[in-house]
Amino acid sequence: MDMVSSTEWQKTGAPGYLSVDLSALKRNYRRIVSTVSPARAAAVVKADAYGLGAEKVSSALYQEGCRDFFVAQYGEAVTLRPVLSKDAAIYVLNGLQPGSETDCALRGIIPVLNSLEQVARWRAAATLSGRKLPALLQFDTGMSRLGMSVEEAEALAANAQLLENIDVRYIMSHLACADEADDVHNGLQAEQMRLIADIFPGIPVSFGNSGGSFLGEKFRGAMVRPGIALYGGRPTDMLEHPMEPVVRIEGSVVQTRTVPAGTAVGYSATYIAQEERRLAAVSLGYADGILRSLSSKGAFVYQGVRLPIVGRVSMDSTIVDVSDLPEGALKLGSRVEFIGDHQTLEDVAEQAGTISWEILTSIGNRYYRQYI
Ligand SMILES: *Cc1c(COP(=O)(O)O)cnc(C)c1O
């Protein structure tokens, strides 16, 4: 236990190492672009680019030719706006927040208008500023989350004044089931989307997310909005997983011990060793995205050997069973993999009973981050 192996990130005092492979990210973007061509591909960088760093990710994708960026909240757009060149468009999915209209127009941020009321406020802002203002119009085609109804689409189309001084760049909608290629709901939403597109002839459509990008032409429109696929997540449940991994996460061993049969492990003593076991405490916990649902389910990996998590995941540490490794193989400071060559993002999501989106956005900010 005396030998301490140390690396750059460990010297900084960070509990873990997170690498984001920007070249893999760029290849994933290119892969999507070639799949959806002649449609164009935006990038969804909400929630700090799914936890990976919106500024770094967006700049890398801009270099790769991406000119359309979607965030969820207005504040995210304000932060990102000065990072990107003027010719990049930034759209706010959650809509036009009351009170933000003038500021939004001045900053050149493009709202996704989700209701007639938002349309009216943007029109008023345009009239006030004396120029046309750009916007996207979102319609609900079967998710009941954000966007206007078919009836509201008809109302807008029937009265040109309602959209006066609004430069509608795209009409858009969002798929609820695109991660399941065979779900009948996808086809129903595509039909609704076509109906709404017919109401606005000449205005391009933005439809598919990551899943939709791979489901075929009618799920794309003129611009797709992938998020998770850029970051290496599996876009749909079809056989092949077309994306490259982007994220790697490691922690380090902070203590090892051998316990006799009958020993309780972790909070609430949910795990009792049935025989003598060798254990290690790893430096990452649920504050670092090692979700609590991985308690006695997930694993870390050391040189290809799976180290099962035993007992509850704590906030700042996780206990793993290392009995399958030769005695003394793990030392204080040994680096163990959470996401990497031996355990993928999808593996972790499955073990946690959740989706890759939640794993990435739970990563937290304590990691030593390296952008490759
Ligand atoms: C989050 C989001 C996306 C991206 O979804 P992914 O499944 O991550 O590709 C696209 N469009 C809208 C409206 C979203 O909210």
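Within each chain, residue numbers correspond to sequence positions counted from 1 in written order. Local features in this predicted model are restricted to residues of pLDDT 70 or higher, and side-chain atom pairs are both shown and tallied only at a pLDDT of 80 or more, whereas totals for entire chains, interfaces and linings draw on every residue. Only hydrogens and water are set aside; all other atoms, that is, all heavy atoms of the structure, feed into the side-chain values.

## Quick look at the pattern of salt bridges
A carboxyl oxygen of Asp or Glu within 4 Å of a side-chain nitrogen of Lys or Arg is what we treat as a salt bridge. In total, this model carries 17 salt bridges according to the counting rule given. One salt bridge connects Arg-335 with Glu-250, and the closest N-O pair in it is separated by 2.6 Å. Placement of Arg-335 in strand β18 (residues 335–339) and of Glu-250 in strand β11 (residues 247–259) is noted, with a sequence separation of 85 residues between them. Arg-335 sits in the partly exposed class, given a relative accessible area of 30%. The way it works is that DSSP assigns letters per residue, a run of H or I at least four long becomes a helix, a run of E at least two long becomes a strand, and they are numbered from the N terminus. A simple rule labels every residue: compare its accessible area, found with a 1.4 Å probe on the protein chains alone, to the largest value its type can have, and call it buried under 20%, exposed over 50%, or partly exposed in between.

## Focus: the side chain of Glu-101
Structurally, Glu-101 can be placed in helix α6 (residues 101–107). Here Gly-99 takes part through its backbone nitrogen, which lies 3.1 Å from a polar atom of the side chain of Glu-101. Setting aside residues up to four positions removed in sequence, Glu-101 forms contacts with Leu-96, Arg-121, Trp-122 and Ala-125. In the analysis that follows, any N or O atom pair within 3.5 Å is treated as a polar contact, provided that within protein one partner can donate a hydrogen and the other can accept it, and provided that, for residues neighboring in sequence, both atoms belong to side chains. The contact criterion used is simple: two residues touch if any of their non-hydrogen atoms lie within 4.5 Å.

## Comments concerning the site of the ligand
Neighbouring the ligand are 14 residues; Lys-46, Tyr-50, Ser-210, Gly-227 and Trp-357 lie closest to it. One nitrogen or oxygen atom from the side chain of Tyr-50 is found 2.6 Å from an oxygen atom belonging to the ligand. Separating an oxygen atom of the ligand from a side-chain N or O atom of Ser-210 is a distance of 2.5 Å. Per-residue and other accessible areas were derived by the Shrake-Rupley procedure at a 1.4 Å probe size, with only the shown protein chains allowed to occlude residues. With the chains in place, 93% of the 390 Å² that the ligand exposes on its own is no longer accessible. Residues that form the shell around the ligand fall into these classes: 7 nonpolar, 4 polar and 3 charged. For each residue, the test is whether any non-hydrogen atom lies within 4 Å of the molecule or strand; if one does, the residue is near. The residue classification treats Ala, Val, Leu, Ile, Met, Phe, Trp, Tyr, Cys and Pro as nonpolar and Asp, Glu, Lys and Arg as charged. All others, Gly included, are polar.

## Topic: the environment of Arg-369
Among the structural elements, Arg-369 can be located in strand β19 (residues 368–371). Overall, Arg-369 belongs to the partly exposed group, its relative accessible area being 25%. Between the C-alpha atoms of Arg-369 and Ser-314, which are 55 residues apart in sequence, the distance is 22 Å. Filtering out sequence-adjacent residues up to four positions away, Arg-369 remains in contact with Leu-18, Gly-51, Leu-52, Gly-53, Ile-363 and Gly-364. Among the polar contacts made by the side chain of Arg-369, one reaches the main-chain carbonyl oxygen of Gly-51 at a distance of 3.0 Å.

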